[in-house]
2 protein chains.
Amino acid sequence: MPAKPSARTARRSGAAPASAELRERILSATRELLQESRFDTLSVADILTAAEVSRASFYFYFPSKQAVLGELVREAVTQGQEAAQPWIDGRQDPVAALRAGVREGARLWSANAGVLMAIVESWGSDEDLRALWLEQMDLFTDAAVARIRSDPHVLRRLGDADVRAVAASLTWMGERLYYLAAAGVPPFDDEETLVEVLTDAWTSILYGRRDPAQLSEARPTVGDDTGSATRDRRSS
Amino acid sequence: MPAKPSARTARRSGAAPASAELRERILSATRELLQESRFDTLSVADILTAAEVSRASFYFYFPSKQAVLGELVREAVTQGQEAAQPWIDGRQDPVAALRAGVREGARLWSANAGVLMAIVESWGSDEDLRALWLEQMDLFTDAAVARIRSDPHVLRRLGDADVRAVAASLTWMGERLYYLAAAGVPPFDDEETLVEVLTDAWTSILYGRRDPAQLSEARPTVGDDTGSATRDRRSS
DNA sequence: CCATGACCATACACACTGTCCGGATAGCGC
DNA sequence: GCGCTATCCGGACAGTGTGTATGGTCATGG
């Protein structure tokens, strides 16, 4: 069966074949594809087409599509570490800093929804991705632990509880809620709701109170519950 | 190429070829296989071998291996609904009931670790499984919402927060932590730690206090933190 | 002017899924 | 005992993926 030997010869003409240019193309293409497809339904062939790269080249730069995802995750997550900083170094009001961090996290997640959803869905099935993701979660946990340890008020409140376990819980609760938000699962698909509930949870657990400040923020009546539906992202 | 026409003829001899007997064999075999393999690395062929069933028969009873998982999940999750009952109908001390429910949940998860890990890892990639799991989580959420609504103390404390969102957060935090425990991710791989931290989180958020009772329970010094390692189940 | 390195097309070995078909066999009515 | 039918089996096949291997093309630079 004769394949069409059509126009696939207009590339080398481009400016610089700078060493790892194809590598970049692969990365970008994958990142974009992930915005509309799930990682596991994405075939290498799809990436090849989108990046206009040959199979051989792909496997020259990456050992597998999982490796590509790993790279993208590292990129995305680096920014995340920074979002948490304000709360970590604890120069501001903790609750305010926390809320700001949570909101920043939400922004970050929606900006990189494709990549982050992909890693969350895939770290269970690939050794390298698993190590990568667990390491990232550990970093957040470490930061939270440090912050908690440096706050006598929180320490007292926590009593004899396992500080690291508490910190890890908070980290993973965040991971899950952000993921659900990105996946369009109600009620987390609404950013405002997400931020409120996450912040409340963190402050309740650590500081034993809900943030009074939130009441002053302009937030329309919630009109909550009665929502058992299952709406999905991917339909936009 | 002559295949060995060997001993595959010792089954029909068995007692009753009662209608859906093969179906049962498939279910059990899969359940057992899931205790040592991940769902996505499990091929239909593996199930066929384990259940001593032909490919044709398999596809007669189930449209796909996902459907098998769905069935197993329904079985496992039904028990879960009951575990939550004591807290739901709220005749006992809420915190005590909560703690008991959380512990029961932990037991349930470790008893059905294979199946439950499988659904958690797979609901993102299959329409039916997704609907099934989201429905289950919604059921738990509904129950929590009802319980919260019927408790003026909690209601007051929650203020204008979105009740359903809070309930959903608690549900999903549980899902994630139980999963991590089953997956052997520290510090949740220790049941005691898991139960404590989950109960504390729920009570902190809902009742604004940690349970004083827990201090009286015999619980050895935690010797917490300094654990960033990544140990995996599947190695037992 | 040709060697080299970057890249491509193609095709292959292997694995898995889901479908289809020609039997084999056991129980059952007769 | 005899054929019927429901049930189940082995095996083959098409379709789709992945990862590897082979040989060819083209621009550049020595």
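That block above? That's the structure.
Residues numbered from 1 in each chain as written. Chains lettered and ligands numbered in written order. Predicted model: local features only at pLDDT ≥ 70, side-chain atom pairs only at ≥ 80, totals over all residues. Heavy atoms only, no water.

### Considering the overall build of chain A
At step 1: When helices and strands are tallied, chain A shows 11 helices and zero strands.
At step 2: Taken from the N to the C terminus, the helices and strands of chain A come in the order α-α-α-α-α-α-α-α-α-α-α.
At step 3: Looking at chain A residue by residue over its 236 residues, the buried ones come to 50%.
At step 4: By sequence separation, contacts in chain A at least 24 residues apart represent 68% of the contacts at least 6 residues apart.
At step 5: Carbon and sulfur atoms form 54% of the exposed surface of chain A, whose accessible area is close to 11,300 Å². (Helix = DSSP H or I, 4+ residues; strand = E, 2+ residues; numbered from the N terminus. Buried < 20%, exposed > 50% of the residue type's maximum accessible area, 1.4 Å probe, protein only. Contact = heavy atoms within 4.5 Å. Areas by Shrake-Rupley, 256 points an atom, 1.4 Å probe, with all protein chains shown as cover.)

### Comments concerning the environment of Val 197 of chain A
At step 1: Within the secondary structure, Val 197 of chain A is located in helix 10 (residues 191-207).
At step 2: Each C-alpha atom of the pair Val 197 of chain A and Leu 177 of chain A lies 9.4 Å from the other, and the pair is 20 residues apart in sequence.
At step 3: When neighbours within four sequence positions are excluded, Val 197 of chain A is seen to be in contact with Leu 177 and Phe 188 of chain A together with Ala 165, Val 166 and Ser 169 of chain B.

### Topic: unusual backbone geometry
At step 1: With omega at 5°, the peptide bond leading from Pro 186 of chain A into Pro 187 of chain A counts as cis.
At step 2: In this model, Glu 52 of chain B sits at a positive phi of 50°, which is unusual for a non-glycine residue.

### Concerning the environment of Arg 107 of chain A
Residue and element names in this part refer to chain A.
At step 1: Inspection of the secondary structure assignment puts Arg 107 in helix 5 (residues 94-111).
At step 2: What makes Arg 107 partly exposed here is its relative accessible area of 43%.
At step 3: Spatially, the C-alpha atom of Arg 107 lies 9.9 Å from that of Tyr 178, the residues being 71 residues apart in sequence.

### A word on the pattern of salt bridges
At step 1: All told, the structure shown has 22 salt bridges over all chains when counted by the stated rule.
At step 2: Residue Asp 40 of chain A pairs with Arg 38 of chain A through a salt bridge whose shortest N-O separation is 3.8 Å.
At step 3: We classify Arg 38 of chain A as buried; its relative accessible area is 15%.
At step 4: Between Arg 31 of chain B and Glu 75 of chain B there is a salt bridge; the shortest N-O distance is 2.6 Å. Of this pair, Arg 31 of chain B sits in helix 1 (residues 21-33) while Glu 75 of chain B sits in helix 4 (residues 65-89), placing them 44 residues apart in sequence.
At step 5: For Arg 31 of chain B, a relative accessible area of 28% gives the class partly exposed.
At step 6: According to the relative accessible area criterion, Glu 75 of chain B is partly exposed, its value standing at 35%.
At step 7: Through salt bridges with shared partners, a single network forms among Asp 138, Asp 142 and Arg 164 of chain A. (Salt bridge = Lys/Arg side-chain N within 4 Å of Asp/Glu carboxyl O.)

### Details of the nonpolar core
At step 1: By size, the foremost hydrophobic cluster in this structure holds 144 residues, and its most contacted members are Trp 133, Trp 172 and Leu 206 of chain A together with Trp 133, Trp 172 and Leu 206 of chain B.
At step 2: The residues contacting Leu 206 of chain A, other than those within four sequence positions of it, are Trp 87, Ile 148, Val 154, Arg 157, Leu 158, Val 166 and Leu 170 of chain A. (Core = buried A, V, L, I, M, F, W, Y, C linked by side-chain atoms within 4.5 Å.)

### Observations regarding the packing of helix 5 of chain A against helix 10 of chain A
Packed helices, taken two at a time, are described by the angle their axes make and the gap between the axes.
Residue and element names in this part refer to chain A.
At step 1: Across the interface, helix 5 lies against helix 10 with an axial gap of 9 Å and an inter-helix angle of 140°. Comparing their axes, helix 10 and helix 5 come out oblique. Seen from above, helix 5 lies across helix 10 with right-handed handedness. The residues of helix 10 that touch helix 5, namely those facing Pro 94, Val 95, Leu 98, Arg 99, Val 102, Arg 103, Ala 106 and Arg 107, are Glu 191, Glu 192, Leu 194, Val 195, Glu 196, Leu 198, Thr 199, Trp 202, Thr 203 and Tyr 207.
At step 2: Residue composition of the contact of helix 5 with helix 10, grouped by class: 10 nonpolar, two polar and six charged. (Axes fitted to C-alpha atoms, helices over the stretch in contact; angles between N-to-C directions. Parallel < 35°, antiparallel > 145°, perpendicular 65-115°, else oblique. Left-handed = near helix turned anticlockwise from the far one by under 90°. Nonpolar A, V, L, I, M, F, W, Y, C, P; charged D, E, K, R; others polar.)

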